[in-house]
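Fold and contact review
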Amino acid sequence: KLASLIDENLDNLWSAEILEYLRGELSGFSPKALVLGCTHYFAIKEQFKTVLGDIEVFDSAEGVANRLKSFVSEQQGELQVQMMTSGQANMLSQFWWHYLNN
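Within each chain, residues carry numbers counting from 1 in the order of the written sequence. The model is predicted, so local features are restricted to residues of pLDDT at least 70 and side-chain atom pairs to those at 80 or more, both for listing and for counting; the totals for chains, interfaces and linings are taken over all residues. Values shown for side chains rest on all heavy atoms present in the structure; no hydrogens or waters enter the calculation.

With that out of the way, let us pick up the overall build of the chain. A helix here means a DSSP run of H or I that spans at least four residues, while a strand means a run of E at least two residues long, and both kinds are numbered starting from the N terminus. Counting secondary structure elements, the chain contains 5 helices and 2 strands. What you see in the chain, going N to C, is helices and strands ordered as α-α-β-α-β-α-α. Burial classes: relative accessible area under 20% of the type maximum marks a residue as buried, over 50% as exposed, and values in between as partly exposed (1.4 Å probe, protein chains only). When burial is assessed residue by residue, the chain has 26% of its 102 residues classed as buried. Put simply, of all contacts in the chain between residues at least 6 apart along the chain, 52% involve residues at least 24 apart. Surface accessibility of the chain: about 7400 Å² in total, with carbon and sulfur atoms responsible for 51%. Contacts were defined at the residue level, with two residues in contact if any of their heavy atoms lie within 4.5 Å. Here, Shrake-Rupley sampling with a 1.4 Å probe gives the accessible areas, and only protein chains in the shown set may cover a residue.

In structure tokens:
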């Protein structure tokens, strides 16, 4: 549900709906760290910190990007990249714009 909420609120990631959802789902948790296991979650990294406090956040995107970079450096010639989504394809470009600009 959280990834869908992020998609639905790309124009306002500090929406009450996202914050209420996080507060409801994370109520009673007091972790020392958080691992963001979905690429969507990077977009609301600060919202997680607002709800959970000043915790260390580990983002899996850097590891994924480094792995992709290793494939690119091994390739000779033209490299083709294919992006897939399980949601609305038109939302993909909006999400990546936000991701790359934060």
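Still more to cover.
Turning our eyes to something else, we now look at the packing of aromatic side chains. Between rings of Phe, Tyr and Trp, where Trp is taken as its six-membered ring, a pair exists when centres lie within 6.5 Å; planes separated by under 30 degrees are stacked, by over 60 edge-to-face, and by other angles tilted. What the rule picks out here adds up to 1 aromatic pair. Relative to Phe48, the ring of Tyr41 has its centre 6.0 Å away and its plane inclined at 70°; by these criteria the two rings are edge-to-face. You can call Tyr41 partly exposed: its relative accessible area is 24%.

Strand pairing follows a simple DSSP-based rule, namely that at least 2 bridges must link the two strands. Here strand E1 (residues 33-36) runs beside strand E2 (residues 56-59); their pairing, made up of 4 bridges, is parallel. Within E2, the position partnered with Ala33 by the bridge is Glu56. A clockwise path from the first strand over the helix to the second, with the strands pointing away from the viewer, defines a right-handed crossover. As for the winding sense of the linkage, the β-α-β connection from E1 through helix H3 (residues 45-52) to E2 is right-handed.

Most often, soluble globular proteins keep nonpolar side chains buried together rather than apart. We call a set of buried Ala, Val, Leu, Ile, Met, Phe, Trp, Tyr and Cys residues a nonpolar core when their side-chain atoms join them within 4.5 Å. In terms of nonpolar packing, the biggest core is built from 15 residues, with Ile6, Leu13, Ile44 and Phe48 touching the most fellow members. Secondary-structure elements contributing two or more residues to this core are helix H1 (2-8), helix H2 (16-26), E1 and H3. Once you skip the residues sitting within four places of it in the chain, Phe48 turns out to touch Leu2, Leu22, Leu26, Leu34, Leu36, Tyr41 and Gly53.

Buried within H2 are the following residues: Ile18, Leu19 and Leu22. Down the axis of H2, the buried set is contained in an arc of 95°. They therefore lie on one face. Exposed residues on H2 whose side chains face more than 90 degrees from its buried face are Glu20 and Gly24. Buried residues along H2 sit in contact with H1 and H3. Gly28 sits one or two residues past H2 and shows a positive phi near 90°. Relevant arc is that of directions from the helix axis to the C-beta atoms, nothing else.

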